Amino acid sequence: LYWTGYTAGTSHGQKLLDYMLEAGANTAVIDLKMDNGQLAFMPNDESLQVYVMDSPAIQDLDALLLQLGELEIYRIARIPVMRDGAFAAVNPRLALKTASGNFWQDNIGSIWVDPASHEVWNYAIDLAREAYDRGFDEVQFDYVRFASDGAISRIIYPVYDGVLGKEAVMQEFFKTVGGTMQKEGIPVSFDLFGMTFWSEDDFNIGQRLLDVYPYADYVSPMVYPSHYPNGFKGFGNPAVFPYEIVKMSLDEGAVMMVRDATEEVIVDEVVEVVLPSPEEEKEIRTHFRPWIQDFDIGAVYTSDLIKAQIQASRDAGASGWLLWNARNVYEPTDYR
């Protein structure tokens with residue numbers, strides 16, 4: 001289940017923990033940044049402390065992680081990367097701007113930093129190292145893309161030159177950040193748009209499953225049924241077909257990765273196509289761990305609709321699932 005920084009630092013966190021233990025949930029995905037990018041805790045690394053909010057939402061991160069660990073709750077540190085007003089405020093030269101020199105903002109007023117900036121990448125790596133050193137079991141990177149909404153044409157990039165495609169920039173990002181985590185033995189995951197499991201196109205945001213998969217222990221597509229357009233694959237309102245949308249999305253991602261792993265070999269001057277074995281395809285699927293929805297968009301999400309998404313994840317061979325509610329108010333459900 002997803003936890004905001006405020007949930008993690010208040011009594012709501014204890015209530016949510018009690019609920020998780022009762023309902024059979026075993027993982028907490030905890031925000032290390034607030035929505036404006038300020039760090040929700042005080043890091044030990046002094047170079048990171050300039051980004052901390054005045055009164056950290058999580059006053060005692062170590063105690064929280066210890067408590068969760070003792071209860072065998074898997075602890076994931078969620079780190080948004082390119083949407084970060086706090087980093088932009090400290091490093092305005094790396095922020096997206098408009099022609100007037102003001103910070104560019106997306107449709108909800110969020111400030112972004114340049115996806116091509118290696119300083120942005122290094123900050124993400126440093127924060128991930130801090131999280132793992134403090135006791136998190138895994139780091140999860142979100143907002144790993146170019147901006148997708150708002151007046152995109154008005155963006156002035158301080159680093160990205162437009163010569164390389166956006167997908168090439170993000171390929172290097174995933175290789176650098178994910179690869180560093182892998183070399184250092186830090187379990188790593190990335191959040192992707194759900195549509196990345198349906199197409200090899202980068203959707204003008206530089207995000208592709210093919211580029212993420214090699215550098216992630218887990219890939220978490222946001223396969224929220226409500227976020228697919230009406231009529232998608234024949235479903236008038238995808239939100240009321242949660243099993244089908246989640247299952248089909250994960251299956252499509254597996255097909256894409258199987259296709260990518262297919263090889264052509266020459267045997268006696270004849271080209272033969274070698275497909276991954278069923279065991280190899282099964283292994284591919286275990287690296288998928290989707291975000292599913294517990295919020296009322298497109299439909300009232302009852303326990304049955306939540307369970308349908310969970311069953312779809314299991315039937316698709318995913319290693320698990322992550323449940324999202326922005327306010328951390330979850331519909332009573334038995335997750336077992």
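You'll find the structure just up there.
Residues numbered from 1 in each chain as written. Predicted model: local features only at pLDDT ≥ 70, side-chain atom pairs only at ≥ 80, totals over all residues. Heavy atoms only, no water.

(A) Representation of empty space enclosed by the protein. Tallied over the entire structure, the rule returns one cavity of 30 Å³ or more. Taken as a whole, the largest cavity encloses approximately 30 Å³ of empty space. A per-class count over the lining of the largest cavity returns two nonpolar, one polar and four charged. (1 Å grid on protein atoms, 1.4 Å probe; cavity = no way out; pocket = protein on both sides within 12 Å on 5 of 7 lines; lining within 4 Å. Points joined across faces, edges and corners; volume = space filled by probe spheres on them. Nonpolar A, V, L, I, M, F, W, Y, C, P; charged D, E, K, R; others polar.)

(B) Summary view of the side chain of serine 110. Along the polypeptide, serine 110 turns up in the loop between helix H4 (85–90) and helix H5 (118–134). On the basis of relative accessible area, serine 110 is assigned to the buried category, the value being 11%. (Helix = DSSP H or I, 4+ residues; strand = E, 2+ residues; numbered from the N terminus. Buried < 20%, exposed > 50% of the residue type's maximum accessible area, 1.4 Å probe, protein only.)

(C) Examining the pairing of strand S6 (residues 218–222) more closely. Counting buried residues in S6 gives four out of five residues, a clear majority hidden from the surface. Pairing of strand S5 (residues 188–193) with S6 involves five bridges; the strand directions are parallel. Residue aspartate 191 lies in a different strand from S6, and its bridge partner there is serine 220. (Pairing = 2+ DSSP bridges.)

(D) The arrangement of the packing of aromatic side chains in detail. For the structure shown, the criterion picks out 22 aromatic pairs. Considering the side-chain rings of tyrosine 157 and tyrosine 160, the 5.2 Å spacing of their centres and the 85 degrees angle between planes classify their relative orientation as edge-to-face. Residues tyrosine 157 and tyrosine 160 agree in their burial class; the two are buried. Summarising the aromatic geometry, the rings of phenylalanine 174 and phenylalanine 190 are spaced 5.1 Å apart at their centres and angled 85 degrees between planes, so their arrangement reads as edge-to-face. Linking phenylalanine 174 in helix H6 (residues 166–183) with phenylalanine 190 in strand S5, this pair joins segments that are 16 residues apart in sequence. Classification of phenylalanine 174 as buried rests on a relative accessible area of 0%. Using a relative accessible area of 0% as the deciding quantity, one classes phenylalanine 190 as buried. These aromatic residues form a ring-pair network of at least three members: Trp121, Phe141, Phe173, Phe174 and Phe190. If you follow lysine 233 out to its NZ or CZ, it ends over the ring of phenylalanine 232, 5.9 Å from the centre. (Phe/Tyr/Trp six-rings, centres within 6.5 Å; stacked < 30°, edge-to-face > 60°. Lys NZ or Arg CZ within 6 Å of the ring centre and 35° of its normal.)

(E) Molecular detail of unusual backbone geometry. The phi dihedral of glutamate 72 falls on the positive side, at around 60 degrees, and the residue is not glycine. The residue phenylalanine 203 is not glycine, and still its phi comes out positive at about 55 degrees. Mapped onto the elements, phenylalanine 203 comes out in the loop between S5 and helix H7 (209–212). Residue classification places phenylalanine 203 among the partly exposed positions, given a relative accessible area of 34%.

(F) Highlighting the pattern of salt bridges. The tally for this structure, following the rule as stated, stands at 17 salt bridges. The salt bridge involving arginine 78 is made with aspartate 31; its shortest N-O contact spans 2.5 Å. With arginine 78 in strand S3 (residues 74–80) and aspartate 31 in strand S2 (residues 27–31), the pair connects residues that are 47 residues apart, well separated along the chain. Each member of the pair arginine 78 and aspartate 31 is classed as buried. Between arginine 289 and glutamate 138 there is a salt bridge, with its nearest N and O atoms 2.6 Å apart. Here arginine 289, found in the loop between helix H9 (278–285) and strand S9 (291–293), pairs with glutamate 138, found in strand S4 (residues 138–142); they are 151 residues apart in sequence, far enough to count as distant. Judged by its relative accessible area of 0%, glutamate 138 is buried. Residues joined in a network through salt bridges with shared partners are Lys247, Asp251, Glu281 and Arg285. (Salt bridge = Lys/Arg side-chain N within 4 Å of Asp/Glu carboxyl O.)

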